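# Observations on the model geometry
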Amino acid sequence: MHNFNSGPAILPDEVLQQAQNSIHDFNDTGLSILEIGHRTAWFEDVLNEAISLVKELMQLGDEHAVLFLHGGASTQFMQVPMNLLDEKATAAYCDNGIWGSKAIKEAKLFGNVTVAASSKDKNHSYIPKNFFIPADAAYLHYTTNNTVEGTQWHHIPETPVPLVADMSSDIFSRPLAYKKFALIYAGAQKNMGAAGVNLVVVKKDILGKTKRAIPTILDYRNHIEAGSLLNTPPVFAVYVAMLTLRWIKKEGGLIEMEKRAKERADLFYKTLDSLSIFTPIVSKEDRSLMNATFKIEDEILEKRFLEECKHNGMVGIKGHRSVGGLRVSMYNALPMESVHALCELMSVFAQKKSK
């Protein structure tokens with residue numbers, strides 16, 4: 001099978017093998033990873049290694065805390081403004097796709113929101129270059145990679161206010177100046193592991209500045225104090241994330257992940273641009289290295305292409321239900337062989353339909 005799913009997405013084979021073995025016997029304990037207590041030394045070692053790997057890969061120091069939480073990135077749409085935005089204060093948000101729009105909707109429940117930049121005028125097919133950020137904004141929030149629309153920020157926005165980023169679909173795919181961010185969050189199920197856990201990396205000095213009462217389980221400070229053990233964590237998902245982070249480091253870290261991502265994307269987009277039967281959707285300079293979106297104008301032909309993909313063991317190519325079309329997700333663990341196989345299929349399909 002060639003797994004182009006957008007999430008939950010492909011995992012490295014060795015991570016799957018290690019996780020499988022640990023379901024039966026975790027580290028020769030005689031217990032399954034699904035059975036060990038979350039406050040045992042066994043799991044604390046897993047959690048501590050995962051935290052250490054995050055900091056090492058992102059080159060972060062003690063000023064940032066690393067948390068593994070429940071709820072996925074969608075919970076962070078609410079938890080970020082609850083912790084950072086007072087009722088009468090204003091936050092700036094970039095509206096560059098469905099996930100940014102959802103984040104804006106949740107933030108409005110807690111304070112004022114200014115849309116600093118938007119690509120809505122062209123169905124989110126590009127990344128805007130102009131901003132309006134109020135000088136007194138509590139923070140600027142943006143989604144680094146738009147999974148549904150297939151756009152990606154290839155630079156970090158310059159801003160005088162704290163920077164918050166949803167990195168769910170391109171986390172650990174490239175080196176960035178992560179120290180510039182006040183808060184980063186990401187669902188694990190794209191590049192970092194299995195579904196069920198959410199990574200939050202937060203600069204500690206940004207917390208505790210709002211006046212509102214925050215429920216215990218939603219206050220980042222409580223999770224920092226408890227070391228991500230305020231309540232029972234998703235043990236298995238944290239373990240798979242640790243294995244995946246270990247794999248990323250072993251393979252060469254974020255520099256190598258970016259190199260591979262560019263090789264996959266270069267091959268795919270070169271093929272896409274050479275075949276007139278397929279129509280790219282995103283502006284070239286803003287194309288995502290993770291999620292390529294495109295379409296076939298003839299809907300009948302598009303269905304036939306999806307059938308060909310299925311017949312050839314290629315899954316996850318149908319576009320998101322909200323936009324339709326086609327989408328190819330090329331995350332860290334996707335082998336280059338899968339991209340070659342897809343590009344060959346596209347070329348053969350185009351050649352047949354042109355006759």
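Residues numbered from 1 in each chain as written. Predicted model: local features only at pLDDT ≥ 70, side-chain atom pairs only at ≥ 80, totals over all residues. Heavy atoms only, no water.

Spatially, the three strands line up as an open sheet ordered β11-β12-β14, and their pairing is antiparallel. Strand pairing shows two members of the sheet lacking a second neighbour, β11 (279-280) and β14 (326-329), which therefore form its edges. (Pairing = 2+ DSSP bridges. Helix = DSSP H or I, 4+ residues; strand = E, 2+ residues; numbered from the N terminus.)

A few words now on the packing of helix α1 (residues 13-24) against helix α6 (residues 235-251). Relative orientation of the contacting elements α1 and α6 amounts to 145°, with a least axis distance of 10 Å. Helix-helix and strand crossings are classified by hand; for α1 and α6 the assignment is right-handed. Along its contact with α1, which presents Glu14, Val15, Gln18, Ala19, Ser22 and Ile23, the element α6 presents Phe236, Tyr239, Val240, Leu243, Thr244, Trp247 and Lys250. Residue classes in the contact of α1 with α6 are distributed as eight nonpolar, three polar and two charged. (Axes fitted to C-alpha atoms, helices over the stretch in contact; angles between N-to-C directions. Left-handed = near helix turned anticlockwise from the far one by under 90°. Contact = heavy atoms within 4.5 Å. Nonpolar A, V, L, I, M, F, W, Y, C, P; charged D, E, K, R; others polar.)

By the element assignment, glutamate 299 lies in helix α8 (residues 299-311). Between the C-alpha atom of glutamate 299 and that of glycine 325, which follows or precedes it by 26 residues, the distance is 8.8 Å.

Pairing is mixed in the open sheet, where seven strands are placed in the order β2-β10-β9-β8-β5-β3-β4. This sheet does not close on itself; its edge strands, each paired only once, are β2 (64-69) and β4 (112-118). The mean angle between the axes of side-by-side strands here comes to 15°, regardless of whether they run parallel or antiparallel. Examined bridge by bridge, strand β9 (residues 183-187) and strand β10 (residues 198-203) share five bridges and lie antiparallel to one another. Within β10, the position partnered with glycine 187 by the bridge is asparagine 198. Contacts between helix α2 (residues 41-58) and the sheet are confined to β2, β9 and β10, with β2 contributing the most and set at about 130° to the helix. Together, β3 (90-95), β4, β5 (140-143) and β8 (163-166) form the strand contacts of helix α4 (residues 98-107), whose direction differs from that of β3 by roughly 160°.

The next thing to look at is the pairing of β5. For a regular strand, side chains alternate in direction, first toward one face of the sheet and then toward the other. Here β5 shows a buried face lined by Leu140 and Tyr142 and a second buried face lined by His141 and Thr143. Both β5 and β8 contribute to a ladder of four bridges, which runs parallel. Within the sheet, the bridge partner assigned to tyrosine 142 lies in β8 and is alanine 165. (Buried < 20%, exposed > 50% of the residue type's maximum accessible area, 1.4 Å probe, protein only.)

Time to look at the pairing of β8. Taking every second residue as pointing to the same face, both faces of β8 are buried, with Leu163 and Ala165 on one and Val164 and Asp166 on the other. As paired elements, β8 and β9 share three bridges and run parallel to each other. For valine 164, the partnering residue across the bridge sits in β9 and is leucine 183.

Core analysis: the largest hydrophobic core is formed by 59 residues, its most contacted members being Val54, Met58, Phe68, Ile171, Phe172 and Leu199. In terms of residues, this core owes the most to one element, α6, which gives 11 residues. The next biggest cluster of nonpolar side chains, apart from the first, holds 35 residues, and it includes Leu289, Met290, Cys309 and Ala333. (Core = buried A, V, L, I, M, F, W, Y, C linked by side-chain atoms within 4.5 Å.)

Another aspect to go through is α6. Spanning 17 residues, α6 covers 24 Å between terminal C-alpha atoms, matching the ideal 24 Å at 1.5 Å per step. Here α6 lies mainly inside the structure; 12 of its 17 residues are buried. Buried within α6 are the following residues: Val235, Ala237, Val238, Tyr239, Val240, Ala241, Met242, Leu243, Thr244, Leu245, Trp247 and Ile248. Each element contacted by the buried residues of α6 is listed here: α1, α2, β2 and α7 (253-274). (Expected span 1.5 Å × (residues − 1).)

On their own, these measurements won't tell you what the molecule is for.
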